[in-house]
Structure formats: structure tokens, C-alpha cells
Amino acid sequence: MAASASSRLLSSPSSLSWKSPLPPAFGVAVALPRSKRTVPRFVVLAMDGKPTVLVAEKLGEAGLNLLKEFANVDCSYNLSPEELCTKISLCDALIVRSGTKVSREVFESSSGRLKVVGRAGVGIDNVDLSAATEHGCLVVNAPTANTVAAAEHGIALLTAMARKVAQADASMKSGKWQRNKYVGVSLVGKTLAVMGFGKVGSEVARRAKGLGMHVIAHDPYAPADRARAVGVELVSFDEALATADFISLHMPLTPATSKILNDETFAKMKKGVHIVNVARGGVIDEAALLKALDAGIVAQAALDVFTVEPPPKDSKLIQHENVIATPHLGASTMEAQEGVAIEIAEAVVGALKGELASTAVNAPMVPAEVLTELKPFVQVAEKLGRLAVQLVAGGSGVKSIKVTYASARAPEDLDTRLLRAMITKGLIEPISSVFVNLVNADFTAKQRGLQIIEERITLDSSPESPLEFSPGSDCQRGIKICQCHFRVWGG
Ligand SMILES: NC(=O)c1ccc[n+]([C@@H]2O[C@H](COP(=O)([O-])OP(=O)(O)OC[C@H]3O[C@@H](n4cnc5c(N)ncnc54)[C@H](O)[C@@H]3O)[C@@H](O)[C@H]2O)c1
Ligand SMILES: O=C(O)[C@H](O)COP(=O)(O)O
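Residues numbered from 1 in each chain as written. Chains lettered and ligands numbered in written order. Predicted model: local features only at pLDDT ≥ 70, side-chain atom pairs only at ≥ 80, totals over all residues.

Some details on the UniProt feature "domain: S-adenosyl-L-homocysteine hydrolase NAD binding" (unreviewed entry) in the protein
Then comes step 1: On the UniProt side, "domain: S-adenosyl-L-homocysteine hydrolase NAD binding" (unreviewed entry) is annotated at positions that read residues 180–334 here.
Then comes step 2: Structurally, residues 180–334 is divided into 28% helix and 19% strand, and its ends, taken at the C-alpha atoms, are 37 Å apart. (UniProt positions renumbered as here; feature names shortened; annotations may be inferred. Helix = DSSP H or I, 4+ residues; strand = E, 2+ residues; numbered from the N terminus.)

Right, dumping it as C-alpha cells:
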């Protein structure tokens, strides 16, 4: 595969190896283009020959075909953690679903070859993001293709739970006819609290309104207009717990949401509440749920996800007569799996080609239209970092760098992360063996104690106005390159 100029600049380690003493501080300045918003792009290391993609869990055919057009594809399912660590050193990309733990050991075992992890789905709680970032490995997901499937499964569980469909079916299959035992509850007029009003949560809310339910939602980050558009009231966590007849969970598993339903929060719920979980098992303290079921606080629970998957065969929670359970089937429709496979294959191939990663999880997401505009500045930013090292000499002594961006854009409209990453790359790679890219630039700078101070100058946007900085007191004469001015000064 031929590397584009930008991918080489963005990702290849430097061949410069000279070292000389550096003063503790120096600065660089970049004038950005006058038009459009500037945001960064991630580009991975270019490779010779076809890259290898390890697909560790079943992926839809259409996605596999897309991958095969570009890469050698190794479909190896059910690998043990040890087998995954062994294989990974020969792979440029890894694709998983929720059943594979992509642990720190996986990144460590990759010896730097792994450039991208593709999560064929939404939840990325099975990927060690910190380790990925530290290793400069991009993580991408497929955030949209299974939304409807998950929402439909949530509604399927809600209605099946309310009418005891699973229990009645099991009873009939065992030869019984128990009409009095399986009397359900109605949904119409009942209050449903949607916890996590994102893509899946809002689709569940829409559907539940269609069933005649009164829907409220709790989500600390959801914009009010999203709720308004669906006709749902956003309420506090405690209000949701206190007023809901049904609670449906749709938040990601994070340290903040881990066991968010626990002894204390079950105690705040209405007696006889019904719970649906198609989010992640870990958002419920399962022992507390079992107690709440036994105490009648929770009348019924419908669970698609579990803290440990698969859960222990003798799980008391799953055996509970008021629990219905499915084996993490939320995303498992033909349509969703096809869509997810294509979405993740495109993201992974794109990342390997050094293209934009619009579904990046651990790097800034980049709208495609800004790439062309930013490209020349990206290259120069890295060169400027390298030049700064040469001008002020050495490297290990560097403690801080001041970067000034001059643009017609308002400061808050100027996303400088890519340029900052490239300057960091230019500064660090010549004086160490560390590989730096957009994913790990901030981490690497922090680790080396390198402080990056950024200043944004708003330029006059009229075309006649020359691009000029007001020089700082210690600023030397600028260097003009193409349409940019740069100033480098050493302390
Ligand atoms: N069972 C399945 O097969 C299946 C399928 C798809 C998604 N999921 C799970 O559902 C989750 C949601 O998926 P999505 O596509 O809607 O993601 P999303 O990012 O669109 O929505 C998640 C929402 O949760 C909100 N949130 C974060 N912290 C919260 C908190 N403490 N309290 C309340 N809300 C909080 C976020 O603001 C966001 O709006 C995923 O993270 C995944 O774990 C499961
Ligand atoms: O987060 C997700 O996208 C869902 O939990 C689906 O997971 P799966 O890919 O393992 O079905």
C-alpha cells in the first residue's frame, strides 16, 4: 500500500537521531486559513504490502467482503486471551464485538503493529481505551447501525415482561395450560423512565409513546431540544426513580454508571417497578436486584445483558421466576448485523488508509470536508516542531512550548488538536524512540512533562489584510511558508 504524504508525515517515526541541549522553553506560531473550521484528522502508519485484519468475532458477510478488498482477513473466533495476545503481533487491525476483552496485554503484545481496533457495535467498555491511547492505537466503533435493533429489543422485552410471555410459553411447552397464573399488567398510561436518552433511549421513548405510555427521561448530558423533539420530559435521576412504573436502561457502562442501580437506588423506586436492561449488565448491582425482586420492590426484570457474559449457569437472577432473560441479543437482527459489519469495515479500512475516522472513540472525530484545508498546516506543524528542536538544539531539557494559532476563525471555533499533536510529534520523535500520533500525542507530552501552552489570535478576515502576528516580546522574525507565517523563538 502506498503511503500518502500526509500519512507518512503523520505517523512514521523520525529518522533524525541527533541530540543537543535544549533550553527549557520555546514557542511556535501558525497562521491558519481564513475559511472553514479547522479540525484534526487521524492518519495511521503506512505499511508495505496488504495489512492484516484479525476478525475475532462473527462479522456480517458484507463487511468481510469490504475488508477483503483491502486487507488479508484472518477470521479467528473464540480465541483465548493468550491466543489473542499471540496473534495480535501479526495484525494491523482487530475487529471485535462485545465478547472479546481487548485488554492492556493485547496492546502490549502487539509490539506497536496494531493501528486500529474496530468495535463492531456501540459499547466500548470491553476495550481498554487508556491502553489503546497510550499505544497510539485508534479505536473506532459502529455507533448507529444497531440503534433500531436495540430499541426494538428493549420494547420486545418490555411488552413480553408485562404480559409474562416467556413464562407462559415455558409453561405451555411443559404441557400446562395456566390462564390464571399469567395475568399481566397493562402499559398504557404507565410512566416509563428512559435512563440514558441517547440514540437507543430516544428510539425506545418514541416507540413507548406509541404504546400509550407516559415517557420521562433522565440523562445529564442530553440536550433539552432532543427530548422536546420526542415529546419527553427530562427529569432528575431521583425523580425518575420515584415516579417510574417501568425503568429502561440505555446509558453506557462507565465508572460513573457502574452499579447505578443498587440497594440505595432500588429503595427509592416505587414498589412493583419493572426494569428493562439492554444497556450493560454492569450498570445494575445484580445482587441488589435479586434482593429487590425477592422483596417485591421490583416486580419484574427483563435482562439482555449481564455483568459477566455468559453468566454462571446457576445464576439465581436468571432463574428467578420474575426475570426474563436473553443472551445479549439487542443488536442481533440480520439488518443490524449487516449494517454494523459495513460500518465497522469502512471505518477500519479508512483508518488503515490514513483517512478520516469519523467514529473515532479515542481521537477527535473529523468532518470530512475540512481535511483538504488542514492538510498543509498539518505537515508544516510537524516540520515546525522538528525545526524548533533543531533551532534551539537538543530536546530532553524542553519543559514547555507555546503555540500561537492565528486565524480568521473565532478562538472557540478553532479546534487545534491535530496541529498540537503534530507539533508534539515533531518535537518528541527526533529526540526519542516514541511513536507519536494524534491518538497518543497529549498523553506522550504529559508523560514527558512537556507543557503545551496554546494561544489563539483572531486575524482580520478581509482578503487584502496581510497575515501578520503582533510579535511577542521575545519573538524573532517570522518565516513565510506558502500562505502561512511561522515564528519560532527560543528562550
Ligand atoms: N444489548 C445490546 O445489544 C445493545 C445494543 C446497542 C447498544 N447497547 C448499549 O446501549 C448503550 C447506549 O447505546 P446508544 O447507541 O444509545 O449510545 P448513545 O451514546 O447514543 O447514548 C447513551 C446516552 O447515555 C447518556 N448517559 C451517559 N451517562 C449517563 C448517566 N450517568 N445517566 C444517564 N444517562 C447517561 C449519554 O449522555 C447518552 O445520551 C451502549 O453504550 C451499549 O452499551 C446495547
Ligand atoms: O454495544 C453494542 O453495540 C451491543 O451491546 C451489541 O453488542 P454485540 O456486538 O456483541 O452484539
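Here we look at the pairing of strand β4 (residues 93–96)
Then comes step 1: Along β4, one buried face is formed by A93 and I95 and the opposite face, lined by L94 and V96, is buried too.
Then comes step 2: Where strand β2 (residues 52–55) lies against β4, 3 bridges are found, and the strand directions are parallel. If you follow L54 over to β4, its bridge partner there is L94.
Then comes step 3: Relative to strand β5 (residues 116–119), β4 runs parallel, the two sharing 4 bridges. The partner of V96 across the bridge, within β5, is R119. (Buried ≥ 20, exposed ≤ 12 C-beta atoms within 10 Å, placed from the backbone. Pairing = 2+ DSSP bridges.)

Looking at the domain arrangement of the protein
Then comes step 1: Splitting the protein by domain gives domain 1 (8–36 + 366–489), domain 2 (52–145 + 335–352) and domain 3 (147–176 + 183–325).
Then comes step 2: Just the C-alpha atoms count here: the centres of domain 2 and domain 3 sit 30 Å apart.
Then comes step 3: Counting residues at the interface gives 6 residues for domain 2, matched by 7 residues for domain 3.
Then comes step 4: Residues that form the side of domain 2 that touches domain 3 fall into these classes: 1 nonpolar, 3 polar and 2 charged. (Domains from an automatic or database assignment. Contact = placed C-beta atoms within 7 Å. Nonpolar A, V, L, I, M, F, W, Y, C, P; charged D, E, K, R; others polar.)

Structural notes on the sheet that holds strand β7 (residues 191–195)
Whether parallel or antiparallel, the strands of a sheet pair through hydrogen bonds between backbone atoms.
Then comes step 1: Read across the open sheet, the 7 strands follow the order β9-β8-β7-β10-β11-β12-β13; overall the sheet is parallel. Either end of the sheet is taken by a strand with one partner, and the two such strands are β9 (233–234) and β13 (323–325).
Then comes step 2: Here strand β11 (residues 273–277) runs beside strand β12 (residues 298–303); their pairing, made up of 5 bridges, is parallel. Its bridge partner being in β12, H274 is matched across the sheet by Q300.
Then comes step 3: Each of β7, β8 (214–218) and β10 (246–249) touches helix α8 (residues 199–210); the most contacted strand, β8, lies at about 165° to it.
Then comes step 4: Across the sheet, helix α12 (residues 286–294) touches β12 and β13, and the angle it forms with β12 is around 140°. (Axes fitted to C-alpha atoms, helices over the stretch in contact; angles between N-to-C directions.)

Focus: the site of ligand 2
Then comes step 1: Around ligand 2 lies a shell formed by R97, S98, G99, A120, G121, V122, G123, N146, H328, G330, A331 and S332.
Then comes step 2: For the shell around ligand 2, a count of residues per class yields 3 nonpolar, 8 polar and 1 charged. (Near = placed C-beta within 6 Å.)

Observations regarding the packing of helix α6 (residues 147–162) against α8
Then comes step 1: Taken N-terminus to C-terminus, the directions of α6 and α8 make an angle of 50°; their axes are 8 Å apart at the nearest point. If you check the angle between α6 and α8, you find them oblique. When you trace α6 past α8, the crossing you get is right-handed. Between α6, through T147, V148, A150, A151, G154 and I155, and α8, the contact on the second element is made entirely by K199, V200, E203, V204, R207 and A208.
Then comes step 2: Partitioning the contact of α6 with α8 into residue classes produces 7 nonpolar, 2 polar and 3 charged. (Parallel < 35°, antiparallel > 145°, perpendicular 65-115°, else oblique. Left-handed = near helix turned anticlockwise from the far one by under 90°.)

Points about the site of ligand 1
Then comes step 1: Around ligand 1 sit 32 residues in total, of which G123, G196, G198, P252 and G330 are the nearest.
Then comes step 2: Taken together, the elements giving at least two residues each to the shell around ligand 1 come down to α6 and α8.
Then comes step 3: Top contributing element to the shell around ligand 1 by residue count: α8, with 3 residues.
Then comes step 4: Looking at which domains feed residues into the shell around ligand 1, each of domain 2 (52–145 + 335–352) and domain 3 (147–176 + 183–325) gives three or more.

Digging into the packing of helix α2 (residues 61–68) against helix α14 (residues 334–353)
Then comes step 1: Relative orientation of the contacting elements α2 and α14 amounts to 20°, with a least axis distance of 7 Å. For the element pair α2 / α14, the angle class is roughly parallel. Between α2 and α14 lies a crossing of right-handed hand. Two secondary-structure elements touch here, α2 through A62, G63, L64, L66 and L67 and α14 through E338, A341, I342, I344, A345, E346 and V349.
Then comes step 2: Residue composition of the contact of α2 with α14, by class: 9 nonpolar, 1 polar and 2 charged.

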